[in-house]
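# Working through the structure, step by step
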2 protein chains.
Amino acid sequence: MLSIGDLSKRTGVKVPTIRYYEQMGLLAAAERSEGNQRRYERQDLERLAFIRHARDLGLDISAIRELIALSQHPHQPCGDVDRIAGDHLVSVREKIEKLKKLEQELERIVSHCNGDHAIEDCYVIRSLSDHGLCDGEH
Amino acid sequence: MLSIGDLSKRTGVKVPTIRYYEQMGLLAAAERSEGNQRRYERQDLERLAFIRHARDLGLDISAIRELIALSQHPHQPCGDVDRIAGDHLVSVREKIEKLKKLEQELERIVSHCNGDHAIEDCYVIRSLSDHGLCDGEH
DNA sequence: TATGTATCTCCAGAGACTATAGGTTTGGAG
DNA sequence: CTCCAAACCTATAGTCTCTGGAGATACATA
């Protein structure tokens, strides 16, 4: 039996965050000690690892809740699961595209600025003021 | 003189967001009509475009506040401006790297799942449960 | 037993908005 | 000029995913 602190150390998830996940219904309410402290088992450790992993991948709480619910009906076909992960893949790719454009623009902006001319001539400020100086759209 | 709604339409920034920016000190408190409604000029339109543009690039409110303050001392050298944009470029690059890892992992996960087998055998669920199945770190 | 660390609950805050409620002003049609 | 709908005002609360603190209780060790 693990305390909430043990669970926290083993998963890298902070203690208040574990309680938050419980409150959000991602973790089942843990058993309690006589003194009302949460006690966890290996199963909870795996569940929390699942949650952490899914969060790292950028899935939001409701998507994770959905996946957990689906995983508890193991004999249904997994189309929904596939859809959730697939949808997320699409949004990750979109984010990457956007950030790449930003990177290019920031590079361009910064490269014109060597830090030793006056602000009134600074390309950073001018670029931010005037979208027309941008190469692409964003 | 533009109303807040006009300003909103011209910049694509929602009305409550404009008021929020004023509250956060990014926009100066606007002049008011006799009936206490905000009235804007071209100058404000440019300022708001600056803010919108910087936000689109992912700069946060405090960075933008800093840039605005700097831009009001146009005869100082622009080293700080350069630093703010450069720092941001670094963080954008880091985000891109992380997202690319996620993309790879999601691709791998989804490619194993054709949607018609049972959830108990589903690679998505198993991958999320067991970090050990991942290729890289994240 | 005493002490120090860990845990409990509840509540507030962060960041960047967004939405609602209830009241006032504006601008155009009749 | 009057009327009405749309736009505006303020103030407040909610979103999402945590994170941190206060004050009280439990546990582990010397």
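Everything discussed here concerns the structure shown above.
Described in the following lines is the structure provided in the data block. Just so it is clear, the model here is predicted, and its values are computed rather than measured. (Residues numbered from 1 in each chain as written. Chains lettered and ligands numbered in written order. Predicted model: local features only at pLDDT ≥ 70, side-chain atom pairs only at ≥ 80, totals over all residues. Heavy atoms only, no water.)

## Re the environment of Asp80 of chain A
Residue and element names in this part refer to chain A. Mapping Asp80 onto the fold places it in helix α5 (residues 79-111). Its relative accessible area of 39% is what places Asp80 among the partly exposed residues. When the C-alpha positions of Asp80 and Leu70 are compared, they lie 7.9 Å apart, and in sequence the two are ten residues distant. (Helix = DSSP H or I, 4+ residues; strand = E, 2+ residues; numbered from the N terminus. Buried < 20%, exposed > 50% of the residue type's maximum accessible area, 1.4 Å probe, protein only.)

## Digging into the protein's contact with DNA strand D
Residues in close proximity to DNA strand D total 19 residues, the closest being Thr17 and Arg55 of chain A together with Gly5, Arg19 and Arg38 of chain B. Separating a phosphate oxygen of DNA strand D from a side-chain N or O atom of Thr17 of chain A is a distance of 2.9 Å. Those elements that provide at least two residues to the surface near DNA strand D are α2 (15-23) of chain A together with α1 (4-11) of chain B. The leading source of residues in the surface near DNA strand D is α2 of chain A, at four residues. Residues of the surface near DNA strand D, tallied by class, amount to five nonpolar, eight polar and six charged. (Near = heavy atom within 4 Å. Polar contact = N/O pair within 3.5 Å; in protein donor to acceptor, adjacent residues only side chain to side chain. Nonpolar A, V, L, I, M, F, W, Y, C, P; charged D, E, K, R; others polar.)

## Comments concerning the packing of helix α3 (residues 42-56) of chain B against helix α4 (residues 61-71) of chain B
All names here are of chain B. It is at 10 Å that the axes of α3 and α4 come closest, and there the two elements cross at 135°. Here α3 is positioned oblique relative to α4, judged by the angle of their axes. As for the relative orientation of α3 and α4, their crossing is right-handed in sense. Here Arg47, Phe50, Ile51, Ala54 and Arg55 of α3 come into contact with α4, specifically with Ile61, Ile64, Leu67 and Ile68. Its residues placed into classes, the contact of α3 with α4 shows seven nonpolar, no polar and two charged. (Axes fitted to C-alpha atoms, helices over the stretch in contact; angles between N-to-C directions. Parallel < 35°, antiparallel > 145°, perpendicular 65-115°, else oblique. Left-handed = near helix turned anticlockwise from the far one by under 90°. Contact = heavy atoms within 4.5 Å.)

## Describing unusual backbone geometry
For Asn36 of chain A, which is not glycine, the phi dihedral falls at a positive 75°. In this fold, Asn36 of chain A is placed in the loop between β1 (31-32) and β2 (38-39).

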